[in-house]
Every structure is written in structure tokens, then in C-alpha cells.
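So you can see what is in the structure, the chains are spelled out below.
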Amino acid sequence: GEDVEQSLFLSVREGDSSVINCTYTDSSSTYLYWYKQEPGAGLQLLTYIFSNMDMKQDQRLTVLLNKKDKHLSLRIADTQTGDSAIYFCAESILPRGKLIFGQGTELSVKP
Amino acid sequence: DVKVTQSSRYLVKRTGEKVFLECVQDMDHENMFWYRQDPGLGLRLIYFSYDVKMKEKGDIPEGYSVSREKKERFSLILESASTNQTSMYLCASSGAANYGYTFGSGTRLTVV
């Protein structure tokens, strides 16, 4: 069945890099997504990667995709206290693009 | 700016009440979804709809129903609210298959 797994917590110091990891099971996934949820708010789309790409960079964010191992990661460079949030990865399941979400990784950034 | 709007940010209801949670999107999206979010359990899909007047059960539909009379509006109904339905409820919509979801800000429902 479809499943997406993430570790639940990550703590880093301000200025360090953060790496949030995710594994998924459906090899037919076309797009994979990273969402950010700040306290008390909904989810906002951070970035996404098409399944035929290995890497995507967007300012401080780098997404790496290892399709063979079904492993996705999000690297945040120069992590700031404003990056403290829950980060969800999700895979898109055909035919309608239904998203399967991981449980979310709570990132805590310490000054 | 495209939007998914949930009618209430915070709601307090009594056990046994019928509760309506409203969600409206202005993006002409076909697909709409209702999730609940609880600590340690992530997002769990309650119901979704791929078209007007269509609905499909998600992973945890028990105790809930939905209504989609118009394309832009997707309502979640708690027929008889119970304390174990205290949660954060998130609505989302999507258009083309691979553009992901747009989420509302969420409704934090407390049932007392």
C-alpha cells in the first residue's frame, strides 16, 4: 500500500543546515512535495520535485530525490528561528494526483 | 491571491450538537479534501470529492458526512459531535493532478 514515513523531530542550532528525510513506497509517484506548517496554521507548499529529477534548488532549500531508494530529503541552509515549523513530505498518486502525507517532522531551531 | 477559506478559526461545541465546517475555494478546483490533524497522528483524510455532488470516503469517515452542492464549497458535517472529534480540521483543494494541494488555515474544534 501507499505509505510515507518521516522522523518526528529534528533540533538544530541557528545558522546550521537542517536535513529532513522522507521515504515513500509508491514507485509510480509523479511529483513529490514539501509542505510547511507554522503553529496554528494550515499547510503551505514549500517546494516540489518531479520524479525524473534528482535535485532541485530554490534559494535556501535543496530537494534531493533518490528514486531507486524511494528517498526524498529537504535541506535548509543557514536555518533561522523562523524556520521552526512542522514539515510534511507528500507523494502524488495517479491518476488524480491524490497526495499521501508523511506524519510530519517538527523542526526546532535553537538560537 | 488564490485562496481556500475555512469559515471559522476556532469553534467550541457541545457534545451531541450537529456541527458544520465550511470550506470555500476561489480557484475553480475540481478536487476538495477534508483532513483532521492530531498530535502524533499526522494528517488523516476524512472525505474527499472529485466533482460536484460526488464524495468518497477517506481513511476515517466514521462520525462525519460531507456535502458538495457547488464546485467551490465543500462542507464537513459532524452529525452528533463527540469529545473524540476535538481536533484541528484542514480543508484543501487541487486542480490539475500534479500541482499539489492548497490548504485553508484550519479550524480548531473543541467539543465539550
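Description of the structure in this document. Values in this document were obtained by computation on a predicted structure and should not be read as measured data. (Residues numbered from 1 in each chain as written. Chains lettered and ligands numbered in written order. Predicted model: local features only at pLDDT ≥ 70, side-chain atom pairs only at ≥ 80, totals over all residues. Heavy atoms only, no water.)

### Considerations on the state of the cysteines
Per the counting criterion, the structure on display carries 2 disulfides over all chains. Two residues share a disulfide in this structure: Cys22 of chain A and Cys89 of chain A, whose sulfurs sit 1.8 Å from each other. Here the S-S torsion is close to 65°, and the disulfide linking Cys22 of chain A with Cys89 of chain A is therefore right-handed. One end of the pair, Cys22 of chain A, is in strand E3 (residues 18-24); the other, Cys89 of chain A, is in strand E9 (residues 85-93), with 67 residues separating them in the sequence. For Cys22 of chain A, a relative accessible area of 2% corresponds to the buried category. Covalently, Cys23 of chain B is tied to Cys91 of chain B through a disulfide, its sulfur atoms 1.9 Å apart. Sign of the S-S torsion, about -75° for the bond between Cys23 of chain B and Cys91 of chain B, identifies this disulfide as left-handed. Taken together, the residues span a long stretch of sequence, with Cys23 of chain B in strand E4 (residues 23-25) and Cys91 of chain B in strand E10 (residues 87-94) at a distance of 68 residues. (Disulfide = S-S within 2.5 Å. Helix = DSSP H or I, 4+ residues; strand = E, 2+ residues; numbered from the N terminus. Buried < 20%, exposed > 50% of the residue type's maximum accessible area, 1.4 Å probe, protein only.)

### Quick notes on the environment of Tyr24 of chain A
Residue and element names in this part refer to chain A. Here Tyr24 shows up in strand E3. Expressed as a C-alpha distance, the spacing of Tyr24 and Gln103, which sit 79 residues apart in the sequence, is 12 Å. Dropping the residues within four chain positions of it, Tyr24 is found in contact with Asp3, Val4, Ser29, Leu32, Leu65, Asn66, Lys67, Lys70, His71 and Glu91. (Contact = heavy atoms within 4.5 Å.)

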